[in-house]
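Reading the structure
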Amino acid sequence: MTTTLRPTGPEERAEDGGRRRSFAIADNGRPVGALTLATDSRFAHRAGRLLDLTVEPAERRRGRGTVAVLAAEEVLRGWGCRQADATVDADDEGALRLATALGYQPRGHLLTKELKEPPAPPPAGSVARPMAEAEFQDWLVEERASYTQSWVARGVPERWAAFRADTDVDGAFPEGLGSAGVLLRVLEHRGTPVGTCWLDLGRTHEERVERGPMLFGVRVAEEQRGHGHGRTLLGVAEDLAAGSGAGRLTLHVFAGNVPASRLYASLGFQPIRLHLSKPLD
């Protein structure tokens, strides 16, 4: 058996340095699967992504996927990537088993919840209001710094993490606080601001349209934690999503964030995808 990757078309190059190419997984020249590789602009193209890996059912459990992924990593190294990323469905045990065996570690989880019932109303004394313009810049600085540190804590070089924070956080607000499709709310408890939530209604990025509203951030002031404000903010986000006509709400949680994961699970959020990563040094 000789399993190889064979390009199925020319490499695509972008003006910003991005690269993308599709391959067939071949056994002695016979196609048995497919794989696409692309660099990730959110990490300044220093990370590569394994996309749409498939092996024909009759060809599985023969090492085809293992050889294909290892060959793909060599391609990414040749492109100058120092990290390989992959996404697998949460219920795809075979893909997760393969990725784990090859050294890929969980980086984060994508969770979703069907909005079948309205959330519990905020407790007495708590009210959510739109973020004021005077609060926005300070929030943006804090959100960017927190997001950067979340990536750094998971082994991403600080310069890449900062670049991604600029791309994801600043990029979501091209027109500032009034940017279309994004909502920021401040939770006050007895007149004191205690936390914020950031909801993307799915109109600011093509990839988000199919999954609907995405909750990008719930933040509770450190001195206010442990009082249920995070749960209240999630209820606020659910109300906003349902009010937009959506039937579900999706969010991302970093791997290792146990308190947040427990909170989301208690509110009925279920994992749908796992984001995995492997250093290529």
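For the structure, see preceding data.
In what follows, the accompanying structure is described. (Residues numbered from 1 in each chain as written. Predicted model: local features only at pLDDT ≥ 70, side-chain atom pairs only at ≥ 80, totals over all residues. Heavy atoms only, no water.)

**Some words on the pairing of strand β13 (residues 270-279)**
The cut-off we apply is this: Any two strands between which DSSP finds at least two bridges are classified as paired. Labels follow the DSSP assignment, with helices taken as runs of H or I lasting at least four residues and strands as runs of E lasting at least two, numbered in each case from the N terminus.
With seven bridges connecting them, strand β6 (residues 83-89) and β13 associate as antiparallel partners. Pairing of Ala86 across the sheet is with Leu276, part of β13. In terms of strand pairing, strand β7 (residues 105-114) meets β13 through seven bridges, oriented antiparallel. If you follow His109 over to β13, its bridge partner there is Leu274.

**Some remarks on the pattern of salt bridges**
The test is simple: A side-chain nitrogen of Lys or Arg and a carboxyl oxygen of Asp or Glu constitute a salt bridge if their distance falls within 4 Å.
Considering all chains together, one arrives at 20 salt bridges under this definition. One connected set of salt bridges, linked through shared partners, spans Asp27, Arg30, Glu59, Arg62 and Arg64.

**As for the environment of Phe23**
The cut-off we apply is this: In what follows, residue pairs with any heavy atoms lying within 4.5 Å of each other are defined as contacts.
Looking at where Phe23 falls in the secondary structure, it is placed in strand β3 (residues 19-27). In sequence terms Phe23 and Pro271 are 248 residues apart; their C-alpha atoms lie 29 Å from each other. Those residues within four positions of Phe23 in sequence are excluded, and the remaining contacts are Leu5, Arg6, Pro7, Thr8, Ala34, Leu35, Leu37 and Val75.

**Quick look at the environment of Gly108**
With respect to the element layout, Gly108 can be found in strand β7. In this view, Gly108 contacts His252, Val253, Phe254, Ala255, Arg273, Leu274 and His275; residues no more than four positions away in its chain are not counted.

**Examining the nonpolar core**
Stated precisely, the cut-off is as follows: Put simply, a nonpolar core is a bunch of buried Ala, Val, Leu, Ile, Met, Phe, Trp, Tyr and Cys residues held in one set by side-chain atoms that sit within 4.5 Å of each other. For every residue, the accessible area (1.4 Å probe, protein chains only) is compared with the maximum for its type, and the residue is labelled buried under 20%, exposed over 50%, or partly exposed between those bounds.
Core analysis: the biggest nonpolar cluster contains 23 residues, and Leu5, Leu37, Leu50, Leu76 and Tyr104 have the highest contact counts within it. At the level of elements, β3, β4 (30-39), β5 (47-55), α1 (64-78), β6 and β13 are the ones that each hand at least two residues to this core. With four residues, the single largest contributor to this core is α1. Setting aside chain neighbours within four positions, we find Tyr104 in contact with Leu50, Val69, Glu73, Ala84, Ala99, Leu276, Ser277 and Lys278. Val194, Val220, Leu251 and Leu267 belong to the second largest nonpolar core, which has 22 residues in total.

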